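Structural overview
Chain residues, written in single-letter form:
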Amino acid sequence: MQPTVTPTHCPYCALQCGMNLAPAPDGGVEVVERTDFPVNRGALCGKGRTAPALLSPGLRLTSPLVRSATGELVEAGWDEALDRIAGALSAARTEHGPDALGVFGGGGLTNEKAYALGKFARVVLGTSQIDYNGRFCMSSAAAGGMKAFGLDRGLPFPLEDIPKTGCVILVGSNLAETMPPALRYLTELRENGGTLIVIDPRRTRTAEQADLHLAPRPGTDLALALGLLHLVVAEGRTDEAYIEDRTGGWEAARAAAMAHWPEYVERITGVSVPQLRAAVRMFCEPEHAMVLTARGPEQQAKGTDTVSAWINLCLATGRAGRPLSGYGCLTGQGNGQGGREHGQKADQLPGYRKLTDPAARRHVAEVWGVAPDSLPGPGRSAYELLDALGQDIRTLLLMGSNPVVSAPRAAHVESRLRSLDFLAVCDVVLSETAALADVVLPVTQWAEETGTTTSLEGRVLLRRQALTPPDGVRSDLYVMRELADRLGVEKGFPTDPREVFEELRRASAGGPADYSGITYERLAEESGVFWPCPAQDPADAHPGTPRLFLDRFATDDGRARFVAVSYRESAEEPDAEYPVLLTTGRVVAQYQSGAQTRRVAELNAAAPGPFVEMHPRLAERLGAADGDAVAVVSRRGRAVAPARITDGIRPDTVFMPFHWAGEGRANTLTNPALDPTSRMPEFKVCAVRLETVSGA
Ligand code: SF4
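What counts and what doesn't
- Throughout, a residue's number is its position along its own chain's written sequence, starting from 1.
- In keeping with the model being predicted, local features are shown solely for residues with a pLDDT of at least 70 and side-chain atom pairs are shown and tallied solely at 80 or more, while totals for entire chains, interfaces and linings include all residues.
- Computation of side-chain values: all heavy atoms of the structure, hydrogens and water removed.
- By the criteria applied, helices consist of DSSP H or I runs no shorter than four residues and strands consist of E runs no shorter than two, each listed in order from the N terminus.
- The buried label applies to any residue whose accessible area, calculated with a 1.4 Å probe on protein chains only, is under 20% of its type's maximum; exposed applies above 50%, and partly exposed to all values in between.
- We call two residues contacting when some pair of their heavy atoms lies within 4.5 Å.
- A single heavy atom is enough: if one lies within 4 Å of a molecule or strand, its residue is considered near that molecule or strand.
- Ten residues, namely Ala, Val, Leu, Ile, Met, Phe, Trp, Tyr, Cys and Pro, are considered nonpolar, four, namely Asp, Glu, Lys and Arg, are considered charged, and the remaining ones, Gly among them, are considered polar.
- Only Phe, Tyr and Trp rings are paired, with Trp represented by its six-membered ring, and only when their centres lie within 6.5 Å; those with planes under 30 degrees apart are stacked, over 60 edge-to-face, the remainder tilted.
- Pairing between strands is defined by DSSP: at least two bridges between the two strands are required.

Concerning the overall build of the protein chain
A tally of helices and strands in the protein chain yields 22 helices and 30 strands. Judged by the C-alpha coordinates and their principal axes, the protein chain covers about 70 × 70 × 55 Å. Counting over 696 residues, the protein chain shows a buried share of 65%. Within the protein chain, contacts between residues at least 6 apart in sequence are counted, and of these 73% link residues at least 24 apart.

Listed below in structure tokens is the structure:
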């Protein structure tokens, strides 16, 4: 173990709170306050505070596991485990071709790992079939941002700008629970005289902070945004000079919005016309304003159009590419931002380059020392890849993801995973997905390795090793190097993260997400560096780019693009058989699929299991009391959990957190209907019916 305090970052969400790790009396590490990192200024939520618990050998894997002849997972040596994986990959490729090999990554992987995984898939395996769980997290916001601005970076401004703006519309984010230290930015906004509008079908802890809470019916955020834009036009609140100077496509977008009369929008969303007018007034009257979206509006089969509608509202009022104004997305996973920039996405090469761009292929192929033509084309998106398992895709290598819990239509995905010829999983713990594997490799964690992540602000950060990993544990980079070696590629997969980062810098140079001017030394000295940060004269290093688009947008002509969009219904609307809407989300004490946080006693005590949140009127109709077991049934399956009755939710909607496996698994119910552009599944809305569970 390192003898001194190590400044680093939390392993969980995209806020990437700074923390110090100090030697603990038991030989491990403990979290110590770190006040010099400006984003959280020492504040941590319970997840970050308890993160070292999972470093304990008792809670995590410390030996490779292989499936025995009798079907059990048994401990094995690293060589045996790696030989088995390499043999399975090689056999599948010989028998079925390279696209029979699938790779599934995660938004928690460091930039170095995400970069190496994309390279491994394309150079070593030669497969196009790679995607990652970040597709489930932010792809609609990314697609909307690309359409409008020509670039996707979650927030185009730092969080520190939020308290200085005049109004924030927060759409479908419960950040008081998902990233509690970020709540202070909204509190300071209000202390400074700004206003907060929260849009959420539930009266969440975040909504309780709002000056105005709008609770639309799930799946209608698109109509709501269009109704607000209609009123902006009708009330003469557009910024015509800005529209003229800095945008294109306004007429078509305007015409589409004008078809969404406030009364029509009220009927669709359940948000009254006076509330719509109040929101427009609050948003338009201050000089500056922002719209921030999260998974609520994004995880829909029309998520990209919904994001476009919110961006249109910003553009029509001159609130993008100007100081203290703009549209931003609150990314969810720890490296959700960096994980989507460096090549583990089905259509992407490092530096946010496109796999279909010949110049991008030439640049990256040269860095990799391969022929551009040898690089496969784009593959399937995450859900489509999982749906093809056991069919076109015979063997899967999975890193840092738990789709048995986190994927939509999870029982189906679980059956697809079981139908594979071979499944290899690299993880810290024996997750529900790892438990299905033929080989499980135990890998190092945040505090046991060095690497970079990119926060929701686009701020690249250095996580530093503070602890020697237990015997028997190796890094993901080691796994890729060893597999590459066994598959005949002896060079190009270093195990030193710094060496990988140096190559990533070259591969990203000149791309939209240019990291070439970022070094480990700078990251250690500064509080992170915002991309793009091109390399230039070391004596005059590029400062990074905290604020994007102030001079021009990243489109060919520098103008932002309105996208004309119209409301459409969700893929599955309630009917006589399934009359209630289900929406899903998170609770403060658990993180994503819960594979890590469900193993931490303090977090488990705070949030021990799933629940079905419902309005008293709905509970009365069902005949359920608080705590009664309730079955929630969709066209995809059935989940059972205790009722939690509150008037803080719409009477037509139930809410379930998605952190748990087993009979309370919310994603058993969710709909894999995909957004046509982003391929994001419709996690946030589907039709269900409720049943009481007799004898429970
Ligand atoms: S808010 Fe996110 S980054 Fe911060 S401590 Fe909690 S989980 Fe970690």
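Looking at the site of the ligand
Around the ligand, the neighbouring residues are Cys-10, Tyr-12, Cys-13, Gln-16, Cys-17, Leu-44, Cys-45, Lys-47, Gly-48, Met-179 and Pro-181. Looking at the shell around the ligand, its residues break down into 8 nonpolar, 2 polar and 1 charged.

Points about the packing of aromatic side chains
Centre-to-centre distance and the angle between the planes together describe a pair of aromatic rings. Taken as a whole and assessed by the stated rule, the structure comprises 12 aromatic pairs. Ring plane angle 85° and centroid distance 6.1 Å describe the contact between Phe-120 and Phe-493, whose orientation is recorded as edge-to-face. Of the two residues, Phe-120 sits in helix H3 (residues 111-125) while Phe-493 sits in the loop between helix H18 (476-486) and helix H19 (497-508), which places them 373 residues apart along the sequence. Accessibility expressed as a relative area gives 0% for Phe-120, which makes it buried.

Some points on the sheet that holds strand E19 (residues 451-454)
If you walk across this open sheet you meet the 3 strands as E19-E20-E21, and the pairing is antiparallel. The outermost strands of the open sheet, each flanked by one partner alone, are E19 and strand E21 (529-530).

Comments concerning the side chain of Thr-50
Within the element layout of this structure, Thr-50 appears in the loop between helix H1 (46-49) and strand E4 (65-67). For Thr-50, a relative accessible area of 9% gives the class buried.

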